[in-house]
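Residue-level structural notes
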Amino acid sequence: MKRKVLVAVIYVLFLVTLFEAGARFALSYLHESHQLWEHDYGWRQSWIKRHQSTGNDVYYKFDDYDSTKGWISKPNLRDMRVFDDKILNTNSKGLRGVQEHSYDNLGDLTRIVLLGDSFTFGDEVSDDEVYARYLQDMLPAAEVINLGVHGYGHDQMLILLEEEGIRYSPDIVIIGFLPMDMLRNMLAFRDFAKPIYHLDGGLVLDNVPVPTPDEVLKYDWLRPRVIDLFSVLHHFTRKKLGLYDREMEQKTAALLEQMVETSSEAGAIPVIVFLPAESDITADPEPRPGELFLFSACAEIDKAACFSVRPRFTEKLSSGVKMKLTGHWDAAGHQTVAESIRDYLLENQYVKQ
């Protein structure tokens, strides 16, 4: 009897080891073939490898861990060389540039808060080349506060708005919308671990406090890869059936609606702006899929003002203006965005020249 039990235990351990080894091999293959960019596992493994090679806690050297949003820019940086010799400064709150902004809104300037990802933050350009800076120069009667952070989804933007943005008592909140951010709303790990909302009769926040880098590293080797593999297969099945994309659209619409509601309750005018990147920057005037989604979602949100800056890009490309069409915008792209936002705000009399 003891021998039978021992044989059974050995057999079970053999099967568990076999399944775990098979799962690790399958996941490694999927990761190396770039098929896991829509799943937490792929991003988590990329972060672990990057952390081991660079020592960075998040993505860039100027990132700080943040327990509610995953990461934020380090405060009080001065003339840091980034993005192939571009210049980065941050103020005491970690916002791009050296200018400080009091939480008190004295009312003498129209206060504009910008929310967004790396395009709003200004990856690949210097402080004086981001569209927030151009917009500030174009609107001397306004105060532009750039809350953009690289890699953020709309979920992190919402939390940042609730924690920090409304403290500035803004008159206008501009939400920079890129279709690529919709996927981030479905992830609990991207550039690093992050919060995630689930739809359960409303938005329900999960994965907070966000685990620290040490906690991610400490427990990763204990994670059964069989469970990760089943999670990946479940994701592929939902993707094939169209369930994943449907949830992504529903969640994004709910997050945008909550940002609009939070801004309105704070007394600000909420404006959602479609920002084109990569294949969305084209001389073709026909609306892009991301634009169609945004305008459809906006039609269902009370108090939401929405517009696209893509027509300004189309106009400039058609007239022969040269600008960077891959990766992040160059200075010409940022200036194009600022011009389009300025014109929209002036036409609707949200600000004065």
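Residues numbered from 1 in each chain as written. Predicted model: local features only at pLDDT ≥ 70, side-chain atom pairs only at ≥ 80, totals over all residues. Heavy atoms only, no water.

**Some thoughts on the pattern of salt bridges**
Under the criterion given, the structure shown has 28 salt bridges. The salt bridge partner of Glu339 is Lys316, with a shortest N-O separation of 3.0 Å. A residue pair is termed long-range when its members are at least 10 positions apart, and Glu339 in helix H12 (residues 331–347) and Lys316 in helix H11 (residues 310–318) qualify at 23 residues. Using a relative accessible area of 15% as the deciding quantity, one classes Glu339 as buried. Under the relative-accessibility criterion, Lys316 is labelled buried at 16%. The network of salt bridges with common partners includes Arg44, Asp220, Arg223, Arg225 and Asp228. (Salt bridge = Lys/Arg side-chain N within 4 Å of Asp/Glu carboxyl O. Helix = DSSP H or I, 4+ residues; strand = E, 2+ residues; numbered from the N terminus. Buried < 20%, exposed > 50% of the residue type's maximum accessible area, 1.4 Å probe, protein only.)

**Here's the deal with the state of the cysteines**
Overall, the coordinates contain 1 disulfide when judged by the stated rule. Disulfide partner of Cys298: Cys306, at an S-S distance of 1.8 Å. Looking along the S-S bond of the Cys298-Cys306 disulfide, the torsion reads about -80 degrees, which is the left-handed sense. Residue Cys298 shares its accessibility class with Cys306, and that shared class is buried. (Disulfide = S-S within 2.5 Å.)

**Focus on the environment of Val113**
Turning to its location among the elements, Val113 is positioned in strand E5 (residues 110–115). C-alpha separation for the pair Val113 and Val173, spaced 60 residues apart in sequence, amounts to 4.9 Å. Residues in contact with Val113, not counting those within four places in the same chain, are Ile145, Leu147, Gly165, Tyr168, Pro170, Ile172, Val173 and Ile174. (Contact = heavy atoms within 4.5 Å.)

**Overview of the side chain of Ser126**
Counting through the fold element by element, Ser126 comes out in the loop between helix H3 (118–121) and helix H4 (131–138). A relative accessible area of 10% means that Ser126 is categorised as buried. A polar atom in the side chain of Ser126 sits 2.9 Å from the backbone nitrogen of Ile87. For Ser126, the residues in contact, after removing those within four places along its chain, are Lys86, Ile87 and Arg96. (Polar contact = N/O pair within 3.5 Å; in protein donor to acceptor, adjacent residues only side chain to side chain.)

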